[in-house]
Amino acid sequence: MALAKLTLHPLDKYLRTDRLPHIWCPGCGIGIALGAMLRAIDRRINEGKLDRNKVVFVTGIGCSARVSFYVDFDSAHTLHGRAIPFATGVKLANPSLEVIVVGGDGDIAGIGGNHLLHAAKRNMDLFVVMITNFVYAMTGGQLAPTTPLKVYTTTTPHGNPEPPLNVVKLVASLNANYVARASITTPHYIEMFTYKALGMRGFRFLEVISTCPEVYGRHIGLRNPVTMFEELKKRVKYKPNPVIDESDIDWEKGIVIGEYVVRNNPSYLDLVKRG
Amino acid sequence: MRREFLSGNRAIAEAAILSGLKFYAGYPITPASDLMEYLAEKLPSYGGIVVQFEDEIASINAAIGASWAGVKAMTATSGPGFSLMAEGVSLAVATETPVVVVDIMRAGPSTGIPTKATQSDVYQARWLAHGDYTIPVFAPWSVQDCYDMTIKSFNVAEKFRTPVVLLSDANIAHMWETLYVREPGEVEIIERKKPSVPPEEYRPYQPGLDLVPPMAVFGEGYKVIVESLVHDELGYYRQDSVTYREMIARLNEKIRRGVGYIYEQEEYWVEDSDAVVVAYGSTARMVYPVVKALRQKGARVGFLRLKTLWPLDEERLWRALSRAGKVIVVENNTGRVYLDVARIAGSARTFFSPVITVDPPKFNEVMEAVARWL
């Protein structure tokens with residue numbers, strides 16, 4: 001049947017297709033981010049630089065963390081905020097594994113913020129992808145560390161009184177070997193940065209700006225997935241060599257994506273002489 | 001086998017190395033820090049690694065991650081740090097991860113008295129986390145016991161795919177005694193059961209007859225799923241009562257069914273006694289000479305030491321205690337293990353006689369606590 005043919009996709013080989021359909025809402029950007037990451041992984045595997053049996057996805061809790069449900073690699077769906085320490089244990093116990101952490105901004109930079117900064121400080125050999133949607137979506141629309149000032153959320157019904165956390169700036173201030181930002185409106189950069197990060201050692205951090213029309217969109221009046229996508233796309237600007245001072249996410253001035261930090265500092269494994 | 005002179009904490013570290021420890025994660029806390037310091041010095045030469053993490057939350061989660069990467073992992077802490085590990089312990093329960101957690105009890109609540117020992121955290125060891133579960137808890141009373149029970153903790157963690165709590169305290173941790181340590185090959189070291197089927201047939205949470213699923217780890221091609229949500233045999237999240245009941249029943253039952261292997265008690269003069277004193281850990285060290293002295297004066301009193309606090313072999317404990325007319329439980333807390341002993345002791349009259357002190361219990365204090373009920 002024609003329908004059966006439609007279900008085949010070049011990336012299906014990396015998915016637990018029996019678990020589809022996924023839980024992500026129409027208009028959610030996580031699937032775009034995951035697709036781009038899988039294309040980069042596929043390229044590394046095809047080049048013989050990555051063994052698919054050595055790839056481990058570690059996630060915490062949240063919409064983005066559900067990635068571990070669907071990828072057909074070794075995967076761990078752990079505790080809220082604790083994906084990075086779990087992944088650190090995995091990597092140090094078996095340095096031959098390529099350990100990838102995926103999470104939302106609440107998971108990675110909110111409840112897991114202390115682990116994020118210490119892993120970056122250690123230059124721990126992990127690739128961390130933080131998918132930023134500016135809100136706690138799975139729990140119904142509460143304040144996130146990245147929620148812009150004055151925005152209404154269900155727990156800030158009078159407007160958010162806290163300026164947002166610039167996670168790229170935070171991680172760049174530490175000892176991370178790679179800090180980049182992309183957007184789901186530019187999936188080719190997600191793929192390019194993932195591909196690059198997978199060829200590096202040490203702590204590699206990629207922030208992916210995403211759309212959440214279902215929850216965040218309702219808060220800011222962009223409930224329509226297409227409108228929200230287009231509004232984000234308008235604001236995203238790629239720069240070949242962005243400086244950290246232009247990394248603040250500002251809905252009015254725009255969102256600068258690109259590679260903020262590319263270093264070759266000795267990684268944790270280099271310094272403890274393992275792997 | 002050879003004789004050594006070690007502290008309780010060093011004995012735990014030595015036994016962990018013998019058991020095959022390869023990953024230690026921890027955060028400094030009195031009175032557990034010297035265990036980590038000792039391992040940090042020694043473990044690298046055995047091919048292992050010691051990492052000081054940013055907190056106890058990271059430590060327990062890293063240990064769980066390391067276990068899933070295929071190595072034996074441990075962390076050690078004390079009450080406040082153990083509190084921070086609560087959610088991690090529940091993750092290890094749900095994902096059936098072998099991991100050893102050493103808790104060196106001090107005085108609580110809150111910051112309490114960091115340098116002094118009590119037995120106030122025995123329920124913390126038993127029911128630290130949320131969720132309906134059973135995990136093994138061991139309570140050594142000597143440096144030799146620290147050594148032996150550490151090996152047992154690793155064996156039980158691997159055999160039953162469970163977190164295990166080794167519950168020492170500040171007295172035993174920093175007490176030096178001679179002990180016999182083993183050479184490799186002199187003691188049974190258990191490794192987790194591996195799958196015997198190829199990856200395409202592997203169901204990560206499908207148990208064997210012992211209710212324990214064989215454990216594939218990362219990097220072996222099995223596409224392992226580690227799932228903190230309630231899950232079926234495939235590791236897939238399910239929100240229904242049938243899956244929940246099956247999972248919870250098995251997680252508890254695999255430990256209960258293993259009680260014959262896990263549970264140990266020691267009996268001294270219990271057979272012919274009218275009264276039996278029950279104690280464990282550092283308090284038991286003073287109960288023993290007190291009971292001995294009472295017997296020398298002609299009292300028909302015995303002593304039963306719990307080496308395993310949970311799961312209790314209730315039938316075995318009942319058989320030992322029900323013959324006596326009286327059972328006296330001496331603990332350095334307001335009555336924790338007493339509640340179980342009173343329930344199990346059958347027709348015996350049970351008495352709770354606490355010795356609450358932040359110093360090692362004195363002979364006279366324990367004598368008074370015991371003699372009061374004879």
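A brief report on the enclosed structure follows. Note that the coordinates shown come from a computational prediction; the quantities given were computed from them, not determined experimentally.

**Concerning the interface of chain A and chain B**
Then step 1. Tallying the contact residues gives 36 residues for chain A and 38 residues for chain B.
Then step 2. Taken over both partners, the interface formed by chain A and chain B buries close to 2,900 Å², and the fraction arising from carbon and sulfur atoms is 58%.
Then step 3. The largest share of the area that chain A buries against chain B comes from Asp-74, Leu-79 and Phe-86 of chain A, three residues that together contribute 19% of it.
Then step 4. On the surface where chain A and chain B come into contact, there are two salt bridges.
Then step 5. The salt bridge involving Lys-223 of chain B is made with Asp-72 of chain A; its shortest N-O contact spans 3.9 Å.

**Comments concerning the nonpolar core**
Then step 1. Of all hydrophobic cores here, the largest spans 107 residues; its most connected members are Phe-86, Phe-203 and Phe-205 of chain A together with Phe-23, Phe-218, Leu-306 and Leu-309 of chain B.
Then step 2. Mapped onto the domain boundaries, this core takes at least three residues apiece from domain 1 (1–262) and domain 2 (266–371) of chain B.
Then step 3. Ignoring sequence-local partners within four residues, the contact set of Phe-86 of chain A consists of Val-58, Ala-76 and Thr-78 of chain A together with Asn-61, Ala-62, Ile-64, Gly-65, Trp-68, Leu-91, Phe-218 and Val-226 of chain B.
Then step 4. Ranked by size, the runner-up nonpolar core spans 53 residues in total, among them Tyr-70, Val-135, Ala-137 and Met-200 of chain A.

**Remarks on helix H1 (residues 8–19) of chain B**
Residue and element names in this part refer to chain B.
Then step 1. A rise of 1.5 Å per residue sets the reference length of H1, with its twelve residues, at 16 Å; its end C-alpha atoms lie 16 Å apart and thus fit the reference within 8%.
Then step 2. Most of H1 sits inside the fold, with eleven of its twelve residues counted as buried.
Then step 3. Residues of H1 that are buried include every one of Gly-8, Asn-9, Ala-11, Ile-12, Ala-13, Glu-14, Ala-15, Ala-16, Ile-17, Leu-18 and Ser-19, and no others.
Then step 4. Following H1 by one or two positions, Gly-20 has its phi on the positive side, about 105°.

**Regarding the state of the cysteines**
Then step 1. Per the stated rule, a full pass over the model turns up zero disulfides over all chains.
Then step 2. Cysteine Cys-212 of chain A is unpaired, with the sulfur of Cys-25 of chain A as its nearest cysteine sulfur at 6.5 Å.

**Quick notes on the pairing of strand E8 (residues 255–262) of chain A**
All names here are of chain A.
Then step 1. Within E8, seven of the eight residues are buried, which leaves it mostly tucked inside the rest of the structure.
Then step 2. Looking at chain direction, strand E5 (residues 178–183) and E8 are connected through four bridges and run antiparallel. Within E8, the residue paired with Val-179 across the bridge is Val-261.
Then step 3. Across three bridges, strand E7 (residues 236–238) lies against E8 in parallel orientation. Paired with Val-236 across the strands is Ile-255, a residue of E8.

**So, the pattern of salt bridges**
Opposite charge on two side chains permits them to pair, given that their charged atoms come into close proximity.
Then step 1. One pass over the full model with this rule turns up 47 salt bridges over all chains.
Then step 2. The salt bridge involving Lys-239 of chain A is made with Glu-246 of chain A; its shortest N-O contact spans 2.6 Å.
Then step 3. Among the residues examined, Lys-239 of chain A registers a relative accessible area of 30% and is labelled partly exposed.
Then step 4. Taken together, the salt bridges that share partners define one network made up of Asp-145, Lys-152, Glu-264, Glu-266, Arg-305 and Lys-307 of chain B.

Thresholds, definitions, all that
- Residues numbered from 1 in each chain as written.
- Chains lettered and ligands numbered in written order.
- Predicted model: local features only at pLDDT ≥ 70, side-chain atom pairs only at ≥ 80, totals over all residues.
- Heavy atoms only, no water.
- Contact = heavy atoms within 4.5 Å.
- Buried area = accessible area lost by both parts, 1.4 Å probe.
- Salt bridge = Lys/Arg side-chain N within 4 Å of Asp/Glu carboxyl O.
- Core = buried A, V, L, I, M, F, W, Y, C linked by side-chain atoms within 4.5 Å.
- Buried < 20%, exposed > 50% of the residue type's maximum accessible area, 1.4 Å probe, protein only.
- Domains from an automatic or database assignment.
- Helix = DSSP H or I, 4+ residues; strand = E, 2+ residues; numbered from the N terminus.
- Expected span 1.5 Å × (residues − 1).
- Disulfide = S-S within 2.5 Å.
- Pairing = 2+ DSSP bridges.

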